[in-house]
Amino acid sequence: MGKRGVKGEISGREKAAVLLISLGPEYSAQIFKHLNDEEIEELTLEIANMRKVSPDEKERILDEFYQICIAQEYISEGGINYAKDVLEKALGSQKAMDVINKLTASLQVKPFDFARKADPAQLLNYIQNEHPQTIALILAYLPFNQAAQILSALPQAKQSDVAKRIATMDRTSPEIIKEVEIVLERKLSSLVNQDYTSAGGLESIVDILNAVDRGTEKNIMDTLEIQDAELADEIRKRMFVFEDIINLDSASIQRFIKDVDNNDLTIALKGATEEVSEVIFANMSKRMAEMLKEDMEFMGPVRLRDVEESQQKIVNVIRSLEEAGEIIIARGGGDEIIV
């Protein structure tokens, strides 16, 4: 059994074991279904080694669990501030803080959580006149489809500036996040974990740009090419990856195959998923497919670096063909926000 602290306090794992024993095998089995293997192993070991627990201690643990459940319910319905108010009235300030603090780490309350439920057009009204950095911070925390709609509806002059700020965003302190939330006249909990929060970055702007309409994407990327060619290149490389070929229509696949070097295609397919290989082979003649398969077999093992390089060359061909309007890469964001 896990060692106790200096004060002999029961550990979290021991409390969980007591709770499961108290609930009985039927309910405990249902809880186990929601745990990962490591958690199941740890709890099983704890239960197996569990000493006798006094009725008082058992009662205290069950009561603590009950209080946490109530707080969780209040938080899901009315926000952490509401939960804090209710718990303070029920348990007093110190006890309320103890319960809430136990929850905040596991709840993973996200900044701007209220904005996720808001209509994009309403959010646009709220933020369109804010500083581009403020807009970037908010969009970085929103689901990419929602962020894409807002980014598409911003004035063109602002789109690339905001996109660049999202792409180069690293970590933001809780104080700054709080200030931006106040600008939106909405509050999240002051009890939120004070760790620096990561949002934004290349993957974030790529997800957003993949969901915007083609016109917005082109405007942003063209501007970034002038302002920061290296950043634009990094974004472009991530916007359509080799595995996305399965989302292309047959005509587009057949079109890019014509422009791709056969040696690159052979090397790329050596490291491709079965799904990608099947869709490519299905869109070429039987004779060409057989030749490629023979070449792949004859080639033997290839380095991962070579596979990635060839796959990127094919992606570049696909992007060039899309730029020329010869193939279409499906993307969202077709509907603009009308204010």
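All of these numbers come straight from a predicted model, not from anything done at the bench.

Criteria and cut-off values
- Residues numbered from 1 in each chain as written.
- Predicted model: local features only at pLDDT ≥ 70, side-chain atom pairs only at ≥ 80, totals over all residues.
- Heavy atoms only, no water.
- Helix = DSSP H or I, 4+ residues; strand = E, 2+ residues; numbered from the N terminus.
- Buried < 20%, exposed > 50% of the residue type's maximum accessible area, 1.4 Å probe, protein only.
- Contact = heavy atoms within 4.5 Å.
- Areas by Shrake-Rupley, 256 points an atom, 1.4 Å probe, with all protein chains shown as cover.
- Polar contact = N/O pair within 3.5 Å; in protein donor to acceptor, adjacent residues only side chain to side chain.
- pLDDT = per-residue confidence, 0-100.
- Axes fitted to C-alpha atoms, helices over the stretch in contact; angles between N-to-C directions.
- Parallel < 35°, antiparallel > 145°, perpendicular 65-115°, else oblique.
- Left-handed = near helix turned anticlockwise from the far one by under 90°.
- Nonpolar A, V, L, I, M, F, W, Y, C, P; charged D, E, K, R; others polar.
- Patch = residues over 30% accessible without salt bridge, like charges linked within 9 Å, V, L, I, M, F, W, Y side chains within 5 Å.
- Salt bridge = Lys/Arg side-chain N within 4 Å of Asp/Glu carboxyl O.
- Lys, Arg positive; Asp, Glu negative; His and termini not counted.
- Charge placed at Lys NZ, Arg CZ, Asp CG, Glu CD.
- Core = buried A, V, L, I, M, F, W, Y, C linked by side-chain atoms within 4.5 Å.

Moving on, we come to the overall build of the protein chain. From N to C terminus, the protein chain includes 19 helices and two strands. In the protein chain, which comprises 339 residues, the proportion classed as buried is 39%. Taking all contacts inside the protein chain whose residues are at least 6 apart in sequence as the whole, residues at least 24 apart take part in 75%. Of the roughly 19,600 Å² of accessible surface on the protein chain, 50% is carried by carbon and sulfur atoms.

Within the secondary structure layout, Ser320 lies in helix α19 (residues 304–323). Judged by its relative accessible area of 47%, Ser320 is partly exposed. For the pair Ser320 and Phe256, spaced 64 residues apart in sequence, the C-alpha separation works out to 9.6 Å. A distance of 2.9 Å separates a polar side-chain atom of Ser320 from the backbone oxygen of Asn316.

This paragraph deals with the confidence of the model for the protein chain. On average, residues of the protein chain score 75 in pLDDT, and 72% of them are at 70 or above. Within the model, pLDDT remains below 50 along residues 105–109, and this stretch shows four contacts once partners closer than five positions in the same chain are excluded. Note on residues 185–197: pLDDT under 50 across the span, and 33 contacts to partners over four residues away in sequence or across chains.

For any two helices packed against each other, one specifies the inter-axial angle together with the distance between the axes. Viewed as axis vectors pointing N to C, helix α16 (residues 262–270) and helix α18 (residues 286–299) meet at an angle of 65 degrees, and their least axial separation amounts to 9 Å. Classed by the angle they form, the pair α16 and α18 counts as roughly perpendicular. For the element pair α16 and α18, the recorded crossing hand is right-handed. Residues Asn262, Asn263, Leu265, Thr266, Ile267, Leu269 and Lys270 of α16 form the contact with α18, whose own contacting residues are Met288, Leu292, Asp295, Met296 and Met299. Residues belonging to the contact of α16 with α18 are distributed by class as follows: seven nonpolar, three polar and two charged.

Moving on, we get to a nonpolar patch on the surface. Taken together, the side chains of Leu23, Tyr27 and Ile31 make up a nonpolar region of the molecular surface, amounting to roughly 280 Å² of accessible area. With respect to the helices and strands, Ile31 occurs in helix α2 (residues 25–32). On the basis of relative accessible area, Ile31 is assigned to the partly exposed category, the value being 33%.

Right, let's talk about a negative patch on the surface for a bit. On the surface, a cluster of negative charge is contributed by Asp37, Glu38, Glu39 and Glu41. Inspection of the secondary structure puts Glu39 in helix α3 (residues 37–48). Glu39 gets classed as partly exposed once you look at its relative accessible area, which sits at 34%.

What follows concerns the pattern of salt bridges. Taken as a whole, this structure holds nine salt bridges when the rule is applied. The closest approach of N and O atoms between Asp259 and Arg255, which form a salt bridge, is 2.9 Å. With Asp259 and Arg255 both in helix α15 (residues 250–259), this residue pair falls four residues apart, about one helical turn. The closest approach of N and O atoms between Glu322 and Arg319, which form a salt bridge, is 3.6 Å. Here Glu322 pairs with Arg319, and both are found in helix α19, just three residues apart, close to one helical turn. Connected through salt bridges with shared partners, the residues Arg255, Asp259 and Glu326 form a single ionic network.

Our focus in this paragraph is the side chain of Lys158. Here Lys158 is to be found in helix α10 (residues 156–167). Setting aside chain neighbours within four positions, we find Lys158 in contact with Gln128, Asn129, Glu130, Pro132 and Ile135.

As a further point, take the nonpolar core. Counting residues in each nonpolar core, the largest one holds 33 residues, and the members touching the most others are Leu139, Leu151, Val162, Ile205, Ile208, Leu209 and Ile235. At the level of secondary structure, the elements contributing two or more residues to this core comprise α7 (120–127), α8 (132–141), α9 (144–153), α10, α12 (202–211), α13 (214–227) and α14 (229–239). With 25 residues, the next largest nonpolar core counts Phe256, Val260, Ala272 and Leu321 among its residues.

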